[in-house]
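So you can see what is in the structure, the chains are spelled out below.
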Amino acid sequence: LWCIDDFSMESHVTPSARFRFDQHVAACGLTERVTLLEGKSEQVSWPERVDFCFVDGDHSYESCKADVEQAMTRGASCIVVHDTRSLEGPCEWLAEFRKRQGKSWDVLELPQDGGLAICVRKDMTGSPSFIEA
């Protein structure tokens, strides 16, 4: 698991977000499986291959678009973007994505928690399945 964060929102949080991140990863016993790339997503070296990407960055249109394009370039077959109903940048990105990628990607948008767009590449092997809880 690769995580990218610059922890820029931590100035008003105690203990620091980085400290809490490390604590949670250790508590889950995943220290050996999680790699943190500390910095802004446009400044760090992404892993060569990405299968799944969750985007919840600075919420600007440009950043959202750049993160999704990075994931797509690296082969992601599922990309989830947060705040697609509550913040202008992700909302604008989703409208454009639907227009440009609508033939190549299926999009399921959930309205809860500010909006969540689940984008699945149409050419992936097999069909998505949904489980009722």
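Only a predicted model underlies this, so the values are computations on that prediction, with no experimental measurement involved.

Trainee: Go over the side chain of Asp 83 with me, naming the residues and quoting the values.
Mentor: Structurally, Asp 83 is set in the loop between strand E4 (78-82) and helix H3 (88-101). Buried and unpaired, Asp 83 has Arg 85 as its nearest opposite-charge partner, separated by 11 Å. Among the polar contacts listed, one links the side chain of Asp 83 to the side chain of His 82, at a separation of 3.0 Å. With residues up to four places along the chain from it excluded, the contact list for Asp 83 reads Asp 56, His 59, Pro 90, Cys 91, Asp 113, Gly 114 and Gly 115.

Trainee: Give me the lowdown on the pattern of salt bridges, citing residues and values where you can.
Mentor: Counted according to the given criterion, the structure contains nine salt bridges. A salt bridge links Glu 96 to Lys 65, with the shortest nitrogen-to-oxygen separation between them at 3.5 Å. One end of the pair, Glu 96, is in helix H3; the other, Lys 65, is in helix H2 (residues 61-73), and 31 residues separate them in sequence. Here Arg 98 and Glu 109 are joined by a salt bridge, their closest N and O atoms 3.5 Å apart. Placement of the pair is Arg 98 in helix H3 and Glu 109 in strand E5 (residues 105-110), with a sequence separation of 11 residues. Note on Arg 98: relative accessible area 38%, which makes it partly exposed. Among the charged side chains, a network of salt bridges with common partners joins Arg 18, Asp 22 and Glu 38.

Trainee: Can you lay out the layout of surface pockets for me, pointing to particular residues and giving the numbers?
Mentor: If you add up the space inside the largest pocket, you get close to 1,200 Å³. For the largest pocket, the lining is made up of 35 residues, of which Cys 3, Ile 4, Asp 5, Phe 54 and Asp 56 are closest to its centre. Of all elements in the fold, only strand E1 (2-5), helix H1 (17-27), strand E3 (52-55) and H2 reach the threshold of two or more residues within the lining of the largest pocket. When grouped by side-chain class, the residues that make up the lining of the largest pocket number 17 nonpolar, seven polar and 11 charged.

Parameters at a glance
- Residues numbered from 1 in each chain as written.
- Predicted model: local features only at pLDDT ≥ 70, side-chain atom pairs only at ≥ 80, totals over all residues.
- Heavy atoms only, no water.
- Helix = DSSP H or I, 4+ residues; strand = E, 2+ residues; numbered from the N terminus.
- Buried < 20%, exposed > 50% of the residue type's maximum accessible area, 1.4 Å probe, protein only.
- Lys, Arg positive; Asp, Glu negative; His and termini not counted.
- Salt bridge = Lys/Arg side-chain N within 4 Å of Asp/Glu carboxyl O.
- Polar contact = N/O pair within 3.5 Å; in protein donor to acceptor, adjacent residues only side chain to side chain.
- Contact = heavy atoms within 4.5 Å.
- 1 Å grid on protein atoms, 1.4 Å probe; cavity = no way out; pocket = protein on both sides within 12 Å on 5 of 7 lines; lining within 4 Å.
- Points joined across faces, edges and corners; volume = space filled by probe spheres on them.
- Nonpolar A, V, L, I, M, F, W, Y, C, P; charged D, E, K, R; others polar.

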